[in-house]
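# Chain and residue survey
Below are the chains, spelled out letter by letter.
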Amino acid sequence: MVEDVKVKTEAEDEDGGLSYEEKCKFVNQISTPLATKKLGKKAYKLIKKSAKQKALKSGLKDVQSAIRKGEKGLVVFAGDVTPLDVYIHMPQVCIDKNIPYVYTPSRMDLGAAMGV
């Protein structure tokens, strides 16, 4: 019995998924500033730490209410979310409140970092 063995190429991540460059092809038009590969990894690591300490707000409604209440922090958006109408106003809200924000190329990676 012969098993198919998949050879990992340089274009694939550690988990066998798409590479960073391939994920960037699927981001939407408003995804600026898009995190570099290095910054994305740091953001995912930060999200993992904050999820363990229960200091993480996830979801559009929770983030909006936290911003309205005056909480400060870093907002990380997924760049491949559709439809855009859902969160297209959030970058402007972050700018108005002087809250830093960044887009990551994959919502799946963002969810994995949160432990969802």
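Above: the structure in question.
Now for a look at the structure at hand.

What counts as what
Residues numbered from 1 in each chain as written. Predicted model: local features only at pLDDT ≥ 70, side-chain atom pairs only at ≥ 80, totals over all residues. Heavy atoms only, no water. Helix = DSSP H or I, 4+ residues; strand = E, 2+ residues; numbered from the N terminus. Polar contact = N/O pair within 3.5 Å; in protein donor to acceptor, adjacent residues only side chain to side chain. Contact = heavy atoms within 4.5 Å. Buried < 20%, exposed > 50% of the residue type's maximum accessible area, 1.4 Å probe, protein only. Arc of directions from axis to C-beta. Right-handed = clockwise from strand over helix to strand, strands pointing away. Salt bridge = Lys/Arg side-chain N within 4 Å of Asp/Glu carboxyl O.

### A few points about the side chain of Asn 28
Examined against the element boundaries, Asn 28 turns out to sit in the loop between α1 (20-24) and α2 (37-52). Of the polar contacts made by the side chain of Asn 28, one reaches the side chain of Ser 31; its length is 2.6 Å. If we ignore the near neighbours within four places in the chain, the residues touching Asn 28 are Gly 79, Val 81, Leu 84 and Tyr 87.

### Digging into helix α3 (residues 60-68)
All buried positions along α3 are accounted for by Val 63, Gln 64, Ala 66 and Ile 67. All buried residues of α3 lie within an arc of 165° about the axis, which places them on one face of the element. Along α3, the residues that are exposed and aim more than 90 degrees away from the buried face are Lys 61 and Arg 68. Positive phi shows up at Gly 70, right after α3, with a value of about 95°.

### Quick word on the pairing of strand β1 (residues 75-78)
Residues Val 75 and Phe 77 point to one face of β1 and Val 76 and Ala 78 to the other, with burial holding for every one of them. Considered for its hand, the β-α-β crossover made up of β1, helix α4 (residues 90-96) and strand β2 (residues 101-104) is right-handed.

### Some remarks on the side chain of Ser 31
Summarising the element assignment, Ser 31 is placed in the loop between α1 and α2. With relative accessibility at 4%, the residue Ser 31 sits in the buried group. Beyond its immediate stretch of four places on either side in the chain, Ser 31 contacts Gly 79 and Tyr 103.

### Description of the pattern of salt bridges
Between side chains of opposite charge, a pair can form as their charged atoms come close. One pass over the structure, following the stated rule, counts one salt bridge. Residue Asp 109 is joined to Lys 23 by a salt bridge in which the shortest nitrogen-to-oxygen separation is 2.4 Å. Of this pair, Asp 109 sits in helix α5 (residues 107-114) while Lys 23 sits in helix α1; the two residues are 86 residues apart in sequence, bridging distant segments of the chain. Looking at Lys 23, the relative accessible area reads 11%, which means it is buried.

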